Each structure stands twice: as C-alpha cells, then as structure tokens.
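Each chain, written out:
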Amino acid sequence: MAAEHNPLPVPSADTTDARVDRSDTVSALERGISVLRSFSEDRPLLSPAELARITGIPRPTVNRLVSTLVAMGMLKASPAGDRLALGPGVVSLSRVFLGSLDVRAVARPVMQALAEESGASVYLAVRDGMEMVLIEACRPRSTMLSARLDVGSRAPLPNSALGRAYLSALDDATRAQLFDSMRLMRGPEWDSLAPAMLRAIDEAQRLGYCLSLGEFHREINSVSVPLVGPGNEIMALNGGGAGFVFPEERLRDELAPRLRAVAGRIASEIGGHVPGPRLQER
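Residues numbered from 1 in each chain as written. Predicted model: local features only at pLDDT ≥ 70, side-chain atom pairs only at ≥ 80, totals over all residues. Heavy atoms only, no water.

It is worth spelling out unusual backbone geometry at this point. Most peptide bonds take the trans form, and the phi angle of most residues other than glycine is negative. A positive phi angle, close to 70°, is found at Asn 232, a residue other than glycine. Taking the relative accessible area as the measure of exposure, Asn 232 reaches 59% and is therefore exposed. (Buried < 20%, exposed > 50% of the residue type's maximum accessible area, 1.4 Å probe, protein only.)

Moving on: the sheet that holds strand 6 (residues 210-213). Taken in spatial order, the six strands make up an open sheet running 5-4-3-8-7-6, and their pairing is antiparallel. The open sheet has two free edges, formed respectively by strand 5 (154-156) and strand 6, since each of these has just one partner strand. Across this sheet, the average inter-strand angle for adjacent strands is 30°, counted without regard to direction. Bridge count between strand 3 (residues 121-128) and strand 4 (residues 131-138): seven bridges; the pairing is antiparallel. Counted as the bridge partner of Ala 125 is Leu 134 from strand 4. (Pairing = 2+ DSSP bridges. Helix = DSSP H or I, 4+ residues; strand = E, 2+ residues; numbered from the N terminus. Axes fitted to C-alpha atoms, helices over the stretch in contact; angles between N-to-C directions.)

Mapping Ser 38 onto the fold places it in the loop between helix 1 (27-37) and helix 2 (48-55). A distance of 3.0 Å separates a polar atom in the side chain of Ser 38 from the backbone oxygen of Ser 34. For Ser 38, the contacting residues outside a window of four places in its chain are Arg 43, Leu 46, Leu 51, Ile 54 and Thr 55. (Polar contact = N/O pair within 3.5 Å; in protein donor to acceptor, adjacent residues only side chain to side chain. Contact = heavy atoms within 4.5 Å.)

The subject of this paragraph is the nonpolar core. Counting 31 residues, the largest nonpolar core has Met 111, Leu 124, Val 223, Leu 237 and Ile 266 as its most contacted members. Where this core is concerned, the elements lending two or more residues are helix 5 (102-118), strand 3, strand 4, strand 7 (220-228), strand 8 (234-242) and helix 9 (248-270). At nine residues, the largest contribution of residues to this core is made by helix 9. Beyond its immediate sequence surroundings of up to four residues, Met 111 is in contact with Val 122, Tyr 123, Leu 124, Glu 136, Cys 138, Leu 237 and Ile 266. (Core = buried A, V, L, I, M, F, W, Y, C linked by side-chain atoms within 4.5 Å.)

So, on to the packing of helix 2 against helix 3 (residues 59-71). Here helix 2 crosses helix 3 at 115°, and the two axes come no closer than 9 Å. Two packed elements cross with a definite hand, and for helix 2 against helix 3 that hand is right-handed. Residues Pro 48, Ala 49, Leu 51, Ala 52 and Thr 55 of helix 2 form the contact with helix 3, whose own contacting residues are Arg 59, Val 62, Asn 63 and Val 66. Broken down by class, the residue content of the contact of helix 2 with helix 3 amounts to six nonpolar, two polar and one charged. (Left-handed = near helix turned anticlockwise from the far one by under 90°. Nonpolar A, V, L, I, M, F, W, Y, C, P; charged D, E, K, R; others polar.)

Purely spatial values, then, with no claim about function.
This is the structure:
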C-alpha cells in the first residue's frame, strides 16, 4: 500500500507560506518542521493533542513525529511530563544560523549607538514564512516602554513596520505571491489589514522608510527601512518605542533619516545596498 501523503491544511499566519505545488517536497519532513514551528513565545509548551490541532496532522502521526523529534533532541518533555518544549537541538541549529550571519557583527555596534543616542529600540530582521524574525536587537540602557522583543521574536508582515519595509523591497511578482498567501491565511481580517499595509509599502518606495503606528503593538510606534545584502537577501532595520515618546512627527523627522544612515553604513560594510526612495514629481 502506498504511503499516505495528505497535504497539510493552510497553516496559521505565524507559521509559513501557503504552498501551491508540493510535488517536490517530502511529506514526513514537512510535517516534522510544521510541528517545530507550532512553538512560539506565546506557546512555549504544547501537548501532542494541541500540536495535532494546530498543524492539522492526525494525532497518531503527531505521536510518531514527536517521538522522533525527542530522540533527535529537537523536542524535550516538560517537567510536568504531559507537554513538550523545543529542545537543545533547535538551539544548536539557531546558533549556527545566527553565527553565519556576518551582518550581525557589523550591525550591532552601529545599532547600539543609535539606540543609545535616540532612546529607541533598534531591530534587524529577516523574513521567515509570513513573519519577520529578529536576528539582532539593541535597546538603550533606560527605556520608558518597549515592545520587549529580542532575537528570535517575530513580527507579522502586514502590520509591522519591519514587514512592510521588507515587502517594499521585493519585486512585484514575489510581492503579489506573498499577498495571495497572506490573503488566504488572514481570511476576513485581510480586508482591514491590506489598505494600511499598501499605503506603507507605497510610502517606503517613495521615501525610503515606512511606519507602523500602534498597529503591531498598541502602544508602540516604529519606523523601518529595507536593507539588501550582497546576495540580494532582503532585511529590514527598525527603530521606535513608546508612542508618546516617538510620535509620528519625530519618527519622520528624526529617526527615519538616522535609521537610513545606519542601514547605509551596514550595507556598505557587507557589500549590499539600501533601496533608494523613488520620489514622485509633484
């Protein structure tokens, strides 16, 4: 009898892209990764039943995947024994990944200097699925209010400044494909998210930066600029903080130019570039 190969249902917005053609994927590996991606900062401990519900994978298959992942050190049992958490194997892989990103070593000193000088939290992120994941985070020594994000934290593509800056730097075809995936994943919510996202992307392409004013974290305002690496990999650099400290005017007049300057310094060091604003004639 042929092995069962049922495609996964469309995952939630915090997992991965919708895939149109799965003919070149390995079902068991794909499902195992889906299990690992079910864990997040908001869901650090999950039971097999919860994993089955989140992923849509049948419970017997989840049990086999969990046993394998525990044996490989990718998952571990919680002290209570009825739930699971990510294991040290995942940490080892993430350390290798982060260690291979030379951009972090270049970016951190200038990001930290900007954080101290401006009082803003400064983040560098890359895309993972339908989210941006932070690969570097710098905060001033004293902040009144921050989003409490750190390396590994995630931000959604459509309503975070990071995601909007990333989307602005994509070619039209890739951006349209991501829009289709987000539309499927967000469902009815998409109609309320899309207009502000499209305005921000247009602004980023015209001015070189875009904003998110309390749309990701209710009390946090931020500005982001895209940054392209030497291999055309797109990142986003972000700065911001409490809305009453960083109102829109301050983001535009003070932080956006400084953030673009920092992005330019990072890009020059790694052989990349910062997409130039396309100012429209009036």
